There are 2 protein chains.
Amino acid sequence: MRPLAAAFACALSCTVLTAAAAEPAPPTLADVLAASTADDWRRPDPENTLYMRIPGGTVVIELAPRFSPAHVANIRALARAHYWDGLAILRVQDNYVAQWGDPDAEKPARRRSLGQAKAKLPAEFEREAAGSGFHAIDSRDAYAPQVGFLDGFPAASDPARGKVWMAHCYGLVGAGRDNAADSSNGAELYAVIGHAPRHLDRNITPVGRVLLGMELLSSLPRGPAPMGFYTDPAQRTPIATLRLASDVPESERLPVEVLRTGTPTFERLVQARRERHEEWFVDPVGRIELCNVPVPVRLAR
Amino acid sequence: MRPLAAAFACALSCTVLTAAAAEPAPPTLADVLAASTADDWRRPDPENTLYMRIPGGTVVIELAPRFSPAHVANIRALARAHYWDGLAILRVQDNYVAQWGDPDAEKPARRRSLGQAKAKLPAEFEREAAGSGFHAIDSRDAYAPQVGFLDGFPAASDPARGKVWMAHCYGLVGAGRDNAADSSNGAELYAVIGHAPRHLDRNITPVGRVLLGMELLSSLPRGPAPMGFYTDPAQRTPIATLRLASDVPESERLPVEVLRTGTPTFERLVQARRERHEEWFVDPVGRIELCNVPVPVRLAR
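Residues numbered from 1 in each chain as written. Chains lettered and ligands numbered in written order. Predicted model: local features only at pLDDT ≥ 70, side-chain atom pairs only at ≥ 80, totals over all residues. Heavy atoms only, no water.

Asks: Looking at this structure, how should I read the interface of chain A and chain B?
Replies: Interface size, as often reported, equals the accessible area lost upon joining of the parts. Between chain A and chain B, the contact holds 45 residues from the first and 45 residues from the second. Carbon and sulfur atoms supply 51% of the area buried between chain A and chain B, which totals about 3,900 Å² over both sides. At the boundary of chain A with chain B, the tally comes to two salt bridges. Where arginine 202 of chain A meets aspartate 283 of chain B, a salt bridge forms, and the shortest distance between an N and an O atom there is 2.6 Å. Inspection of the region where chain A meets chain B yields 33 residue pairs in polar contact (both at pLDDT 80 or more). (Contact = heavy atoms within 4.5 Å. Buried area = accessible area lost by both parts, 1.4 Å probe. Salt bridge = Lys/Arg side-chain N within 4 Å of Asp/Glu carboxyl O. Polar contact = N/O pair within 3.5 Å; in protein donor to acceptor, adjacent residues only side chain to side chain.)

Asks: Mind showing me how you'd approach helix α6 (residues 264-274) of chain B here?
Replies: Along an α-helix, residues three or four apart share an orientation, since each turn contains 3.6 residues. Among the residues making up α6 of chain B, those that are buried are Thr265, Phe266, Leu269, Val270, Ala272, Arg273 and Arg274 of chain B. Against the buried residues of α6 of chain B lie α3 (29-34), β7 (135-137), β8 (146-150) and β16 (256-259) of chain B. (Buried < 20%, exposed > 50% of the residue type's maximum accessible area, 1.4 Å probe, protein only. Helix = DSSP H or I, 4+ residues; strand = E, 2+ residues; numbered from the N terminus.)

Asks: For this particular structure, what's the right way to read the packing of aromatic side chains?
Replies: Between two aromatic rings, the relevant description is the distance of the centres plus the angle of the planes. For the structure on display, the rule yields six aromatic pairs over all chains. Measuring from ring centre to ring centre gives 4.9 Å for phenylalanine 149 of chain A and phenylalanine 266 of chain A, while their planes differ by 80 degrees; the resulting arrangement is edge-to-face. In this pair, phenylalanine 149 of chain A sits in strand β8 (residues 146-150) while phenylalanine 266 of chain A sits in helix α6 (residues 264-274), placing the two residues 117 residues apart along the sequence. Of the residues examined, phenylalanine 266 of chain A reaches a relative accessible area of 0% and is grouped as buried. Its guanidinium or amino end placed over the ring of tryptophan 165 of chain B, arginine 202 of chain B lies 5.2 Å from that ring's centre, counting from NZ or CZ. (Phe/Tyr/Trp six-rings, centres within 6.5 Å; stacked < 30°, edge-to-face > 60°. Lys NZ or Arg CZ within 6 Å of the ring centre and 35° of its normal.)

Asks: Can you walk me through the relation of the copies chain A and chain B in this structure?
Replies: Here two copies of a chain appear, and what relates them is a rotation about an axis with a shift along it. Each copy of the sequence occupies a distinct position, and chain A is placed on chain B by a rotation of 180 degrees and an axial shift of 0.0 Å, giving an RMSD of 0.0 Å. As the rotation angle and translation indicate, the two copies are arranged about a two-fold axis. Mapped onto chain B, 100% of the interface residues of chain A are again interface residues, and the two copies thus contact each other with one and the same surface. (Least-squares fit on C-alpha atoms with pLDDT ≥ 70 in both.)

Asks: Just to check I follow, could you spell out the sheet that holds strand β5 (residues 97-101) of chain B for this structure?
Replies: Within a sheet, neighbouring strands are paired by backbone hydrogen bonds and run either parallel or antiparallel to one another. Residue and element names in this part refer to chain B. The strand order across the open sheet built from nine strands is β14-β4-β5-β12-β11-β13-β3-β2-β15, with neighbouring strands paired in antiparallel fashion. The open sheet is flanked by β14 (237-238) and β15 (241-244), the only strands paired with a single partner. Where β5 lies against strand β12 (residues 189-192), four bridges are found, and the strand directions are antiparallel. In the strand pairing of β12, alanine 98 is matched with alanine 191. Along the sheet, helix α4 (residues 69-80) contacts β2 (49-54), β3 (57-63), β11 (172-175), β12, β13 (205-212) and β15; its crossing angle with β15, the most-contacted strand, is approximately 120 degrees. (Pairing = 2+ DSSP bridges. Axes fitted to C-alpha atoms, helices over the stretch in contact; angles between N-to-C directions.)

Asks: How should the state of the cysteines be read in this particular structure?
Replies: Covalent bonding between the sulfur atoms of two cysteines is what defines a disulfide. All names here are of chain A. Across all of its chains, the model carries two disulfides over all chains by this definition. Put simply, cysteine 169 and cysteine 291 are joined by a disulfide, and their sulfur atoms are 2.0 Å apart. Handedness of the cysteine 169-cysteine 291 disulfide follows from its S-S torsion of about -75 degrees: it is left-handed. Taken as a pair, cysteine 169 in the loop between β10 (163-166) and β11 (172-175) and cysteine 291 in the loop between α6 and β17 (297-299) lie far apart in primary sequence, 122 residues in all. Accessibility assignment for this pair places cysteine 169 and cysteine 291 in one class, buried. (Disulfide = S-S within 2.5 Å.)

Asks: Any chance you could explain the pairing of β8 of chain B here in plain terms?
Replies: The side chains of a regular strand alternate between both faces of the sheet. Residues and elements named next belong to chain B. Within β8, four of the five residues are buried, leaving the element largely enclosed by the surrounding structure. For β7 and β8, the ladder comprises three bridges, and the chain directions are antiparallel. Each bridged residue has a counterpart across the sheet, and for isoleucine 137 the counterpart in β8 is valine 147. Of the pairings in the sheet, the one linking β8 to strand β9 (residues 153-158) comprises five bridges and is antiparallel in character. Residue pairing in the sheet places valine 147 in a bridge with alanine 156 of β9.

Pasting the structure below:
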């Protein structure tokens, strides 16, 4: 049960190493990350990186242009037009989402102009699996025939239909919509701050995920009205600025690095989360759920 | 896809009702709750109910004495001795747990006395399934052969071994421990504030779940040190009092009611979460994961 401790004990006292004892201890997550090389990490494209500055700090979001190209293009246009500057986080619903946008979006006379961005976009709930780069992990999932990763984002797949889609794990960012499937345009965005609401998969358009600063969103006061809306505008969290990293001077960009998925190192990471060999674990588990696989993020330098 | 809208349209214009159209629309969660009767709800035993008062308000916890009797007995003794009064929430780790207890617990000279409570308890990670009252729901689970509910708590089961255990869903409360399986005594408790860390199942002793006030724990500032510990004691959230409801004057008790599990109403609730018939849903999902089944709580009167 505690292979590391056993290996150390044997190194001190065993005279004959058995085959089993000679095998190295299975790695923990910390071991896998310590053994990673520079090539195991990637720097997200600044064109796909958003910085949202709120009073607590900066939330860094990676966009998923191969998954939802129309929404990502619109979000880029809105960020370039400084659309969100001075808007706010409008609702924080416990164990669900934090959502931001224009509080007057439903009031034609008062809402902020979308500028060059499109008012209407197609729904982008799923895409063709062929050529997507989706790779499955070994996991039994409540919602999907297969789960894994796509461009570094948690995702799911139905091989019978040849489709893949992003999975609503903690930190996923999506585009809020009304009842019509094609009623989102990326101006109103949400981040998942609770247990994965996987029932949203294939019902709404995901656009990316939070890489850094999740704790700034997840620790916001919950709104007292239904769906976590605030009753008093003063309770909202103001957005100072929301920018594409590519529009920020290079000297001000954050050196964010994300562990690549689909590599031997990532395979070892998934296995280290499946079989828990940290000394604390009495039962090494032996199983993993998609949303419990971390995709590590670090700041270089 | 939108059976309610379809049924209304037919009521206005259809001359011949087909068998399918004549069936009532499948209920939503709101429909199930609206149709519930007084008998569908229970009042948790005041002997099993904790009130933890922190600056933001009161966190209400239901204990699970049939699952972890030794820990629950110790927690009752500690609450009766006002053990936690003036102690604090010591760590809040994003997407994981908020944990409270004595910051000096590791310092024999300074730690608070456990009084009549026991310093050492057996691990209570799982129990015999026979006679437990566990009832399964239809769900494919990443971690367990079966999942369902036990005494109103989310739980899992391995019929081959004849065991059941509580599942680490959002709001679960457990007893922190060191590396030894039997190193918890209930003096240090944690609540799950993020995506269900189901790898903790069968590795630690669960003692209950938060019924009300989760948002007071989940919105606390995350601690900056490893594991979410605070670096400055002033950052901790003080616990004013932690009491058993049975030790509070009856006039001051909260009229908390919990929907019974294992009833026809609860079966309908699970089904309403499995098949999403709210108008917003484009895809009705058709699947459910244990930790996405709510066990509703309300205040009577």
